[in-house]
Amino acid sequence: MELIDLIRAKSDDQPSYLLKDHLMETAARVDAFHNFYRENMQNFSHRIEGETFEALAAAAIIHDLGKIDYNFQKKLRGDEKGEWEVLEEFLSPLKQLKRSPRHEIISIIWSTFLMGNDENDAVMRTAILLHHYNEYFINEKDLMELVFTYREAFETYLSFIIERRDELERFLEDLLDYIQDSIPSDLIGSAVARIKTTMDFDKPEILLTKIREYDDDISDFAVLYEPEENSLDFLVISGLLRKADYSASAGVDIEMFTEEVFQDIEEKIKSRIGGEPWQIGLINDFGDSGKLVLVAPTGSGKTEFSLLWASRQGRKFIYTLPLRVALNDIFMRLRDSDGYFRSDEIDILHSTAFIEYLREERRGRDTDLDGMLTSARLLASPVLLTTPDQVLITSLNYFGSDKVISAYPFSSIVIDEVQTYNEEMAAVIIKTLQMISELDGSILVMTATLPPYFRRFLDAMDFQVLDVSTINRQDEIKNLSMRRHVLKLMDEPLFSDELEVSGELDGLIEENAGKNILIVVNNVQKAVELYREYSDDPHVYLLHSRLLEKEKSRRIREIKEKQREDKGLMVISTQIIEASVDLDFDVMITEISTIDSQIQRWGRIYRNRDRDYNSTEPNIIVFTGTDRRTSLIYDKKVVDATRRVLRGYEGRALDYQMEKNMIEDVFREEFNGLSLREVYENRIDEILSDLDYFTVEKRTQAQRLFRNMAGYKVFIPEAVLRYSESEIELAFAELIKGDYRLWKDILAEIEERTGEKTTMWDLRRVLYEYSINVPVFYEEKSDFWSRTTGEFKGFYIWGNIDDEEVELIGELGLDSVFGEDESSFIF
């Protein structure tokens, strides 16, 4: 058997497991993207020259040759005989390496005699080095550095190439002929010719001599590209190589966009909305602009405007929203039988997106879960709904951000609910927008209330602001002129520092008996304490972020159903209610917070109505005093300004424009000689300056920083055993309580115990549904670690929990199991 039919790239239970097939598939993805680029060149904002594509295709052929290694092949083969005995003898000169370098580092050795030394070669050599994570993401990218970090391995491997020269030359000839025969294209033909022309098997001996003689020009022997700060040209190319590699491994397309995605979108919107929607008139005037800000009320149809805008741009559509629950709702609305896109045109990407696809399967739809999730992660889907931590944190310079950056030049990116970000998150978004802008990507920012401190940064990038309150046909825009709220202020805190509830609350609830009431407090502990006072009433619900995910989802569904049928409902919630779900209450009682947070909360009141709120009775009641816990959460100077501004609007019937004016009024207030807008702008400037020197190594670290969570996901097996009726779920919980940690072992054992098969994705759903996200301060202020019995797939396993505590967690959430000394610290 020929060597080309023996060398593997991965285990034989995966498709295209031979190295020749994986390299061919990777090159085929580069060729497919090249064809896609040529067909859509007019809509690409970043030019890629033909010679660059040729070099990229050559890199795709070379990138995994480092897998021709004894230790790598031995690991894939295990205890096999037969073929392995032949391969083992061939690779025997490498057997002396107890631990080989990562395969992408060994691939650099191949590049020294298969690639030239021009600028394209240097860029591709570095892209090969970084197509998986290693220390050179941070360290200097220089052949001399690699050689003297891995000197023994380099000498051994070069000696192997010299010793096996004839066999390896024949292997390469066979490989290049195989790839060229498999992909009949001019690009692949020129890439193969490029390698054949450059290939020089005398070079390994020259390099080995230089290493042994400590030659000082090793760096020049094979030049690597050292990316400068924000080297966007390089990041686009390295991202394309990574996407070609990953999509080849997963067996999915590198790009799936076609112009037919937006076919008849205008007619579909007319059919759904009726008449001549305001969005169409506005898009006819401004639709060709690649940098827009749309300011329009909640519920007015901003999503439809974004679809029309994206259709005019002629690029893939990436829609970002910071809240998973709301994103899931939009996904189902755009994808269902009355939606705007076929199911194979739209995907969703966030940390629990797989659950939405599982629901699709349960409805009987044919769903390739692995393929859909991979296409979404590689941003190959024509329409992608995602949370911003997936696509808008590339300014944090994490490893793998190039994969996302490579999509920017052919994407129409929508950033919805921009008002929900604090100044740290805003700085990250702004920095990323600057990168997208530099690549001339298309961007639409949408918001009900544009934070004033965003304006200067958007103006500097030449964004055009479209405020629907300034256009004609205002009477056609839902919620624009409607008076929805009447405000009343209570000049005291809702809670004392000792968590005693204001005596005014019972009277306010009594005054609004028979209405659906929403009470919003500023942290979990307050919500739990308040709920305990009213928990005997079956019409009272508790919502906060540290409930079991399954229970939280159940309560939201039940609240939605009861709102449609009943009155007298009362929900006690934290800030989770601000923009997460489409709920509509009659009255809100809330603690003071910053003005943007307040208006987000008010959006849950008198939300889906068709006429003005014409009563003089207040439906927004704000306790304006602050306790210690509120002061720890919100910026005091903004809360103080909010309190002063609210007093000027008390008792008045408020419409959308008035509530927008409140925000402007608050940020015009002065602090130490500056307006609050200037204070925030200066703070964002400082953070932007820090980001110039900021790098994190992994995407998960960047996401955690952006989400401002820095927390832990806790899985509670005892909750599964207490609440689930599924034999599979019960068996899974028992196994996780033990020491089972490999999916294959868990799946086999569950089938053995229950007689039923399940999937990894179904069990991941169980992990998510019976988990709680725990802030990092729990670790210091509670017995977090004494309750933790292990870790599984990013979840900490809590095992030291008794039956009473499980019941408390199910009803009240995680905070309920901590003693007074502990919970007093947990804000």
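Sequence order sets the numbering: in each chain, residues are counted from 1 along the sequence as written. Only residues with pLDDT of at least 70 are given local features in this predicted model, and only at 80 or more are side-chain atom pairs given and counted; all residues enter the totals for whole chains, interfaces and linings. As a rule here, side-chain values cover all heavy atoms of the structure and leave hydrogens and water aside.

J.: It is not clear to me how the overall build of the protein should be interpreted in this structure. Could you clarify?
T.: On a plain count of helices and strands, the protein comes out with 40 helices and 20 strands. Against the 2.2 N^0.38 benchmark of 28 Å for 827 residues, the protein shows a C-alpha radius of gyration of 30 Å, consistent with a compact globule. By principal-axis analysis of the C-alpha atoms, the protein measures approximately 90 × 65 × 55 Å. For every residue, the accessible area (1.4 Å probe, protein chains only) is compared with the maximum for its type, and the residue is labelled buried under 20%, exposed over 50%, or partly exposed between those bounds. Sorting the 827 residues of the protein into buried and exposed places 59% on the buried side. Only runs of H or I of at least four residues qualify as helices and only runs of E of at least two qualify as strands under DSSP, and these elements are numbered from the N terminus. This radius of gyration counts C-alpha atoms alone. The globule rule is 2.2 Å times how many residues there are, raised to the power 0.38.

J.: I would appreciate a short explanation of the sheet that holds strand β8 (residues 485-490) in the present structure.
T.: Sheet strands pair via backbone hydrogen bonds, and the direction of the pair is either parallel or antiparallel. Strands sit in the order β10-β11-β9-β12-β13-β8-β14 across an open sheet of seven strands; the sheet is mixed. Edge positions in the open sheet fall to β10 (540-543) and β14 (653-654), since each of these has one partner strand only. By the bridge criterion, four bridges tie β8 to strand β13 (residues 620-623) in an arrangement that is parallel. Counted as the bridge partner of Lys 488 is Ile 621 from β13. Two strands pair if DSSP finds at least two bridges between them.

J.: Help me understand the packing of helix α5 (residues 103-114) against helix α6 (residues 119-129), please; the structure alone is not making it clear to me.
T.: The relative placement of two packed helices is expressed as an angle between their axes plus a distance between the axes. All axes here are fitted lines through C-alpha atoms, helices being fitted over the stretch that makes contact, and every angle between N-to-C directions spans 0 to 180 degrees. Across the interface, α5 lies against α6 with an axial gap of 8 Å and an inter-helix angle of 155°. Comparing their axes, α6 and α5 come out roughly antiparallel. Facing α5, whose interface residues are Glu 104, Ile 105, Ser 107, Ile 108, Ser 111 and Thr 112, α6 presents Arg 125, Ile 128 and Leu 129. Gly is placed with the polar residues, together with every amino acid not listed as nonpolar (Ala, Val, Leu, Ile, Met, Phe, Trp, Tyr, Cys and Pro) or charged (Asp, Glu, Lys and Arg). In the contact of α5 with α6, the residues fall into four nonpolar, three polar and two charged. Just so you know how the angles are binned, under 35 degrees is roughly parallel, over 145 roughly antiparallel, 65 to 115 roughly perpendicular, and the rest oblique. Contacts are residue-level and defined by heavy atoms, with any inter-residue pair within 4.5 Å sufficient.

J.: Explain α6 to me, please; I cannot follow it from the model alone.
T.: Residues that lie three or four places apart on an α-helix share one face, since the helix turns once every 3.6 residues. Of all 11 residues in α6, 10 are buried, a share of seventy percent or more. Among the residues of α6, Asn 120, Asp 121, Ala 122, Val 123, Met 124, Arg 125, Thr 126, Ala 127, Ile 128 and Leu 129 are the ones counted as buried. In protein, a polar contact means a hydrogen-donor-capable atom and an acceptor-capable atom, both N or O and within 3.5 Å, with residues adjacent in sequence counting only if both atoms are side-chain atoms; elsewhere, any N or O pair within 3.5 Å suffices. Measuring from the side-chain oxygen of the N-cap residue of α6 to the backbone nitrogen of Asn 120 gives 3.1 Å; that N-cap residue is Asp 118.

J.: How do you make sense of the side chain of Ser 300 when you look at a structure like this?
T.: Secondary-structure assignment places Ser 300 in the loop between β1 (291-295) and α16 (302-313). In contact with Ser 300, other than residues within four places in its own chain, are Trp 278, Gln 279, Ile 477 and Lys 478.

J.: When you look at the sheet that holds β1 in this model, what are you seeing that I'm missing?
T.: Overall, parallel pairing links the seven strands, which are arranged β3-β4-β2-β5-β6-β1-β7 in an open sheet. In this open sheet, the two strands that pair with only one neighbour each are β3 (346-349) and β7 (464-467). Averaged over neighbouring strand pairs, the angle between their axes works out to 15° when direction is ignored.

J.: I'm lost on the packing of aromatic side chains in this one. Help?
T.: Only Phe, Tyr and Trp rings are paired, with Trp represented by its six-membered ring, and only when their centres lie within 6.5 Å; those with planes under 30 degrees apart are stacked, over 60 edge-to-face, the remainder tilted. Inspection of every chain in the model, using the stated rule, returns 34 aromatic pairs. Summarising the aromatic geometry, the rings of Tyr 453 and Phe 454 are spaced 5.9 Å apart at their centres and angled 25° between planes, so their arrangement reads as stacked. Of the two residues, Tyr 453 and Phe 454, both sit in the buried class. Following the ring pairs from residue to residue traces out a cluster consisting of Phe 33, Phe 36, Tyr 37, Phe 44, Phe 53, Phe 257, Phe 262, Phe 317, Tyr 319, Phe 341 and Phe 410. Should the NZ of a Lys or the CZ of an Arg lie within 6 Å of a ring centre and within 35 degrees of the ring normal, that charge is described as sitting over the ring. When the ring centre of Tyr 340 is taken as reference, the NZ or CZ atom of Arg 272 above it lies at 5.0 Å. For the cation-ring pair, Lys 637 lies above Phe 671, with the distance from its terminal atom to the ring centre recorded as 5.4 Å.

J.: It is not clear to me how the confidence of the model for the protein should be interpreted in this structure. Could you clarify?
T.: Caution applies to low-pLDDT regions: their predicted coordinates should not be interpreted in detail. As a per-residue measure, pLDDT tells how confident the predictor is, with possible values from 0 to 100. Looking at the protein as a whole, the pLDDT averages 89, with 92% of positions reaching at least 70. Here residues 361-367 scores under 50 on pLDDT; set against residues more than four positions off or in separate chains, the count is 11 contacts.

J.: So what exactly am I meant to see when it comes to a negative patch on the surface here?
T.: Patch definition: residues with relative accessible area over 30% and no salt bridge; like charges joined within 9 Å; nonpolar side chains (Val, Leu, Ile, Met, Phe, Trp, Tyr) joined within 5 Å. All accessibility values rest on the Shrake-Rupley procedure with a 1.4 Å probe; residue burial counts only the protein chains present in the view. Salt bridges are counted wherever a side-chain nitrogen of Lys or Arg sits within 4 Å of a carboxyl oxygen of Asp or Glu. Under this rule, positive means Lys or Arg and negative means Asp or Glu; His and the chain ends count for nothing. Throughout, a charge is located at the NZ atom of Lys, the CZ atom of Arg, the CG atom of Asp or the CD atom of Glu. On the surface, Glu 504, Asp 506, Glu 510, Glu 511, Glu 533 and Glu 617 cluster together to form a negatively charged patch. In terms of residue count, the dominant contributor to the negative patch is helix α24 (residues 504-511) (four residues). As for its placement among the helices and strands, Glu 504 is situated in helix α24. With a relative accessible area of 39%, Glu 504 lands in the partly exposed category.

J.: Got a minute to help me understand the pattern of salt bridges in this structure?
T.: Where charged atoms of side chains with opposite charge meet at close range, the side chains can pair. Considering all chains together, one arrives at 59 salt bridges under this definition. Between Asp 584 and Arg 609 there is a salt bridge whose closest N-O contact spans 2.9 Å. A residue pair is termed long-range when its members are at least 10 positions apart, and Asp 584 in the loop between β11 (570-573) and β12 (587-591) and Arg 609 in the loop between α27 (595-602) and β13 qualify at 25 residues. Given the relative accessible area of 13%, Asp 584 is considered buried. For Arg 609, a relative accessible area of 22% gives the class partly exposed. Note that Asp 640 and Arg 643 form a salt bridge whose closest N and O atoms lie 3.0 Å from each other. Of this pair, Asp 640 and Arg 643 both sit in helix α29 (residues 636-647), three residues apart, which is roughly one turn of that helix.

J.: It is not clear to me how helix α2 (residues 50-62) should be interpreted in this structure. Could you clarify?
T.: Each helix should span, by expectation, one fewer than its residue count multiplied by 1.5 Å. With 13 residues, α2 should cover 18 Å at 1.5 Å per step; its first-to-last C-alpha distance of 19 Å lies within 8% of that length. Counting buried residues in α2 gives 11 out of 13 residues, a clear majority hidden from the surface. Taken residue by residue, α2 has Thr 52, Phe 53, Glu 54, Ala 55, Leu 56, Ala 57, Ala 58, Ala 59, Ala 60, Ile 61 and Ile 62 as its buried positions. Buried residues belonging to α2 abut α1 (19-39), α5, α6, α9 (165-182), α10 (186-198) and α13 (232-250).

J.: Even after reading the chapter, I still don't get the packing of α2 against α13, so can you show me in this structure?
T.: Running from N to C, α2 and α13 cross one another at 40°; their axes reach a closest spacing of 10 Å. Between α2 and α13, the angle is such that the two are oblique. Like other packed secondary-structure pairs, α2 and α13 cross with a definite hand, here right-handed. Here α2 contributes Thr 52, Leu 56, Ala 59 and Ala 60 to the contact with α13, which in turn contributes Ile 237, Leu 240 and Leu 241. When its residues are assigned to classes, the contact of α2 with α13 shows six nonpolar, one polar and no charged. By convention the crossing between two helices is left-handed if the near helix lies anticlockwise of the far one by an angle smaller than a right angle, and right-handed if it lies clockwise.

J.: What is the right way to read the side chain of Ser 412 from this model?
T.: By the secondary structure assignment, Ser 412 is in strand β5 (residues 411-416). The residues touching Ser 412, leaving out its near neighbours within four places in the chain, are Trp 309, Ala 310, Gln 313, Arg 315, Lys 316, Phe 317, Ile 318 and Ser 442.

J.: How should the environment of Gly 189 be read in this particular structure?
T.: Within the secondary structure layout, Gly 189 lies in helix α10. Sequence separation between Gly 189 and Arg 611 is 422 residues, and the spatial gap between their C-alpha atoms is 67 Å.

J.: Got a minute to help me understand the environment of Phe 171 in this structure?
T.: Tracing the backbone shows Phe 171 in helix α9. Classification of Phe 171 by relative accessible area gives buried; the value is 3%. For the pair Phe 171 and Asp 253, spaced 82 residues apart in sequence, the C-alpha to C-alpha distance is 28 Å. Leaving out residues up to four positions away in the same chain, Phe 171 has contacts with Leu 3, Ile 4, Ile 7, Leu 19, Leu 65 and Ile 68.

J.: I tried to follow the environment of Gln 600 on my own but got confused; where do I start?
T.: Mapped onto the elements, Gln 600 comes out in helix α27. Once the C-alpha coordinates of Gln 600 and Thr 420 are considered, the two residues, 180 residues apart in sequence, prove to be 8.4 Å apart.

J.: For this particular structure, what's the right way to read unusual backbone geometry?
T.: A positive phi angle, close to 55°, is found at Tyr 214, a residue other than glycine. Note that Tyr 214 resides in the loop between α11 (203-212) and α12 (218-221).

J.: Can you walk me through the pairing of β12 in this structure?
T.: On a regular strand, one side chain projects to one face of the sheet and the next to the other, so that they alternate. A large share of β12 lies buried, amounting to five of its five residues. Here β12 shows a buried face lined by Val 587, Ile 589 and Glu 591 and a second buried face lined by Met 588 and Thr 590. Direction of pairing for strand β9 (residues 517-520) relative to β12: parallel, over a ladder of four bridges. Its bridge partner lying in β12, Leu 518 is registered against Met 588.

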